[in-house]
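The residues making up each chain are set out below.
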Amino acid sequence: MGQHWKWLLTGMSRRRFVGGALAATLLAACGGGESTPTATGEGSGGSGGETAPTATAAAPTVPANIDTSGSTNGGLVPPKAPESNLQSTKQLTVGMSLDPTTLNPVLTTTAAYQSIYAQILEQLVIFGPDGGSVSPWLAESFEWVDDTTLELRLRQGISFTNGEPFDAESVKFSIDAFAAAKAYAFMIPPDVYKETEVVDEYTARVHLNRPYAPFIGFLARGGAALPPKYYAEVGEDAFGQQPIGTGPFVLAEWVKDDHITLKRNDDYWNGPHPVATVTYRVIPEDTARLAALETGEIDLAMLLPVSALNRLNASDTVDAVTHPGLRKFALHFDTKTGPEALKDKRVRIALNLAVDKQAIVDGIFQGAADPMEGQWEARQEFGFNPNISMFPYDVEQAKALLAEAGYADGFDLQVTYTVGRYPQDKELGEIVCDYIKQVGVNVIQRPLEYGTFTSLRQEGTLGSHQWGLLLPPEPYFNYGNFVQGSAYETHDLGDEYSRLVDEASRRTDLDEQLALYHQAAQIMHDDPPMLFLVIPQDIYGVSKRVRGFQPRTDQVLWLFTVDVD
Amino acid sequence: MSALSESLRAGREPAVQSVWARRFGVFWRSWETRISTLLLLVMIGVALVPTSVWPDTAFDSNLTLRHREPGLLMGTTDYLFGADALGRDVFFRILMGTKLTLLIAGLATLFATIIGSAAGLCAAYFRGWVDMVVSRLVDIMLAFPILLLVLALVAALGQSVSSVIIVLALSGWAGYARVIRSATLSLVEREFVEAARCTGARSGHILLRHLLPNVASPILVLSTLNLASFILTESSVSFLGLGPQPPAVTWGALIGDGRNYMYDAWWATLFPGLAIILTVLAFNLVGDAMRDAFDPHTRQ
């Protein structure tokens, strides 16, 4: 194993750093390219706690080969790798559940696809592994010059693997492409982006039409560096079949529905990667992927079902690694067409008290999940309000609140939930309905297959529904979904909520942003538009020969720090 | 001969009595059939028990009892077949599931029988274009992979008990039509049909009063065998998650739910599976015995 990766294993004094995500982002924003973690401190709020890949009660403790340093600040980029890596012929095999349709990041936001092209195409800026902060990558630093101008200073001396230089011109080309892309339309409204100005060879300035702070989040999610000449020459579809970037690997072979092979980029700007070949094998069935892992056919498998935990824990060759996820399961109350009772917030609070989230986490998810903390944001996300806590499980209080609201004898509530779309969604639906029934509400279960579920959602006839929503870890993409008139709004949180969120999206100062989001979270807690349930953790199966694996909250596989024995 | 003389002495009409007696004798002679019949009677009895009788442990989830081991293994009688992923009693859920499983298979068989028999009788009796249309439809249906058809139809009609019944009936009638058609073909030229026609009987009368009773035995045998295959198909559909949805319970759905945890809690899958195997086997054995009983070549 190359010593250079040690930095990541030992770095950061292993400080948990969630509340401090704010400071980290600030630090990054203030241009600390490879900034050392001096200002990290212990984080500001009491929100600290478990952010790094946590091994849960059922899972083993995190093995030594797994990076637990957790959130990293501005200095995500490891020190340069030694040339001696060129001698290595090491191979790494990854099991995938599906074959990508394209490897062009402009056309897709699917994390499973990005898990492949992320090794080929590099980001200008990138979410830290915990999702709590945005760090520089190909851009050495980024800074808001004013409310509508973002300056990116680029790393120098980097070129694409076809020889094109990585410079401000290529950054302009890339940002233009992403800002116009349909796949990213939900992150960046059409009236936001104006243009990118090439200041000099290694400085680009993004100009916006109006203040829009989530632009950073958008860049961290999309915003890979594209080679302008090659991209323009072959077009977006062909680029998706044969992408070229600045990354540590290049695409060598792609056999549809079978495997994708990446070869090391010997001239990588940060030194050659210790692994010579990475192969992605497509194994759709979960159990087959698990078996391949056990027999050593593959070294790494992503997004395994909870039922895999016991098997992995019993294995001598494979470790189970869990990492806080972002798919948030909640029962969204429809107060617009739903029963009259739901209009009373005491009823909605009562329902939040009626469900034992911890028992669901321990029972159904075998510990590999986190209860939602009485708010939409997950603990590790920037925008989480540490002063709000989980609705406790309190049947008596729930019944009392229902009685107070005049529903001591309960009311009819239809609950629609997805079946077969997400792991454990059917069980989750059944158990939540059972809990609600126990406080006297007459629940009518309506489990739906996802196709029907989506079409009813589009028709607007879904009613109160339970499902798992996965949104990028940028607060505006989360809070913004519940403002008046937005896509996921099922309950009117009022003008003040919409105003706060809109205001936050205009503040480039992260402190100000956070204060506004905290207020919005409080409104959402006091007048809950949903029954906050659980956030399942992502489960990875990792061979014991793999070193330095760092799971990421955005579910993107990131092999920059990985080595194999 | 003794049966005949006995009934003669009793002054009853001899033929009918002796035929049914002989048939029952053939039917009841093997111990497999007797056990199967008893088992099916018990199943039907269980299915008739009102849902409210089952204990709460069958409905109410209790996460502290998740995947509790079967009482069978631990020598206790509570949670005899263990608990499922939500801590519900598998034994009582299987008993509860009997009702819907048998109801779906039974009603679907009834409808398939009615549609298939009517089509078969009409095709053989009227011949011409009616026969043409029915036969081609039957060919199409029989050439189609049944499960695929069922899945497509359920997806189109939506998931509910009634849609599963409709779909099963639609997929199962063709088998009847073919058998009944050929059975009827050999009858329509017979003298009693001729005679009925000559006396001016209308087609409907001939079909229902003269032809139907004569094909009753293949219908009965087919229905019994069909019930078994419908139970299997319904289980497959429920297993794939397209059957009746919670809180409704069928055996196939129980297997589908348990499948994810086969590694940790095999009992949630094994016991519903055994229930299906035993019931299907029993229906098949009873069907076979009935076929033998109705076959004039079988001797007592």
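In case you missed it, the structure is sitting above this.
Residues numbered from 1 in each chain as written. Chains lettered and ligands numbered in written order. Predicted model: local features only at pLDDT ≥ 70, side-chain atom pairs only at ≥ 80, totals over all residues. Heavy atoms only, no water.

Asks: Run through the sheet that holds strand S7 (residues 203–208) of chain A, naming residues and quoting values.
Replies: Residues and elements named next belong to chain A. One open sheet accounts for four strands, arranged S4-S5-S7-S6; its pairing is antiparallel. Two strands in the sheet have a free side with no partner beyond their single neighbour: strand S4 (139–146) and strand S6 (193–200). The average undirected angle you get between the axes of adjacent strands in this sheet is 20°. Of the pairings in the sheet, the one linking S4 to strand S5 (residues 149–154) comprises six bridges and is antiparallel in character. Opposite Phe142, over in S5, you have Leu152 as the bridge partner. Where helix H4 (residues 168–179) meets the sheet, its contacts fall on S5, S6 and S7, and the angle it forms with S6 comes to roughly 175°. (Pairing = 2+ DSSP bridges. Helix = DSSP H or I, 4+ residues; strand = E, 2+ residues; numbered from the N terminus. Axes fitted to C-alpha atoms, helices over the stretch in contact; angles between N-to-C directions. Contact = heavy atoms within 4.5 Å.)

Asks: Describe the interface of chain A and chain B, with residues and values.
Replies: Each partner contributes residues to the interface: chain A has 23 residues there, and chain B has 18 residues. Summed over both sides, the interface of chain A with chain B buries roughly 1,800 Å², with 49% coming from carbon and sulfur. A per-residue breakdown of the area chain A buries against chain B is headed by A:Lys426, A:Glu427 and A:Glu430, which together make up 25% of the total. Where chain A meets chain B, there are three salt bridges. For the salt bridge of A:Lys437 with B:Asp60, the shortest nitrogen-to-oxygen distance reads 3.7 Å. There are seven residue pairs in polar contact (both at pLDDT 80 or more) connecting chain A and chain B. When residues of the side of chain A that touches chain B are traced back to their parent elements, those giving at least two are helix H8 (308–313), helix H10 (357–363), strand S15 (412–419), helix H12 (425–438) and strand S16 (442–449) of chain A. The element best represented in the side of chain A that touches chain B is H12(A), accounting for eight residues. Classifying every residue of the side of chain A that touches chain B by side-chain character gives nine nonpolar, seven polar and seven charged. (Buried area = accessible area lost by both parts, 1.4 Å probe. Salt bridge = Lys/Arg side-chain N within 4 Å of Asp/Glu carboxyl O. Polar contact = N/O pair within 3.5 Å; in protein donor to acceptor, adjacent residues only side chain to side chain. Nonpolar A, V, L, I, M, F, W, Y, C, P; charged D, E, K, R; others polar.)

Asks: I'd like a rundown of helix H6 (residues 128–143) of chain B, residues and numbers included.
Replies: Between its first and last C-alpha atoms H6(B) spans 23 Å; for 16 residues at 1.5 Å apiece the expected length is 22 Å, and the two agree. Residues of H6(B) that are buried in the fold lie against helix H5 (90–126), helix H7 (146–157) and helix H8 (161–188) of chain B. (Expected span 1.5 Å × (residues − 1).)

Asks: Which residues make up the sheet that holds strand S14 (residues 369–371) of chain A, and what values go with them?
Replies: All names here are of chain A. Read across the open sheet, the six strands follow the order S14-S18-S13-S17-S15-S16; overall the sheet is mixed. The two strands at the open ends of the sheet, each matched to only one other strand, are S14 and S16. Neighbouring strand axes in the sheet, compared pairwise and without regard to direction, differ in orientation by 25° on average.

Asks: Residues and numbers for the pairing of S7(A), please.
Replies: All names here are of chain A. With five of its six residues buried, S7 lies for the most part within the structure. Sheet analysis places S5 next to S7, joined by five bridges and oriented antiparallel. Along S7, the bridge assignment pairs Leu150 with Val206. Pairing of S6 with S7, which is carried by six bridges, proceeds in the antiparallel orientation. Within the sheet, the bridge partner assigned to Thr196 lies in S7 and is Val206. Here S6 hands over to S7 after two residues, the two strands then running antiparallel side by side. (Buried < 20%, exposed > 50% of the residue type's maximum accessible area, 1.4 Å probe, protein only.)

Asks: Can you explain the environment of B:Leu170? Please cite residues and give values.
Replies: Residues and elements named next belong to chain B. Mapping Leu170 onto the fold places it in helix H8. Between the C-alpha atom of Leu170 and that of Leu149, which follows or precedes it by 21 residues, the distance is 9.4 Å. Those residues in contact with Leu170 that lie beyond four places of it in its chain are Met141 and Leu153.

Asks: So what's going on with the side chain of A:Glu489? Which residues, and what values?
Replies: All names here are of chain A. Of note, Glu489 is situated in the loop between helix H14 (475–479) and helix H15 (495–506). Residue Glu489 is classed as buried on the basis of its relative accessible area of 13%. Within the structure, the side chain of Glu489 is placed 2.9 Å from the backbone nitrogen of Gly485, a separation counted as a polar contact. Contact partners of Glu489, with chain neighbours within four places excluded, come to Lys336, Asn481, Phe482, Val483 and Gln484.

Asks: Which residues make up the packing of H15(A) against helix H16 (residues 510–526) of chain A, and what values go with them?
Replies: All names here are of chain A. At a minimum axis separation of 9 Å, H15 and H16 run at an interaxial angle of 160°. Here H16 runs roughly antiparallel to H15, going by the angle between their axes. For the element pair H15 and H16, the recorded crossing hand is left-handed. Residue-level contacts link Glu496, Tyr497, Leu500, Val501, Glu503, Ala504 and Ser505 of H15 to Gln513, Leu516, Tyr517, Gln519, Ala520, Ile523 and Met524 of H16. In terms of residue class, the contact of H15 with H16 is made up of nine nonpolar, three polar and two charged. (Parallel < 35°, antiparallel > 145°, perpendicular 65-115°, else oblique. Left-handed = near helix turned anticlockwise from the far one by under 90°.)

Asks: How would you explain H4(A) if you had to name every residue and give the values?
Replies: Since there are 3.6 residues in each turn of an α-helix, residues three or four apart along the chain are aligned in direction. Residue and element names in this part refer to chain A. For H4, spanning twelve residues, the distance from its first C-alpha to its last is 16 Å, which sits close to the expected 16 Å at 1.5 Å a residue. Looking only at H4, the buried set comprises Ala168, Ser170, Val171, Ser174, Ile175, Ala177, Phe178 and Ala179. On its buried face, H4 sits against S5, S6, S7, helix H5 (215–221) and helix H6 (228–241).

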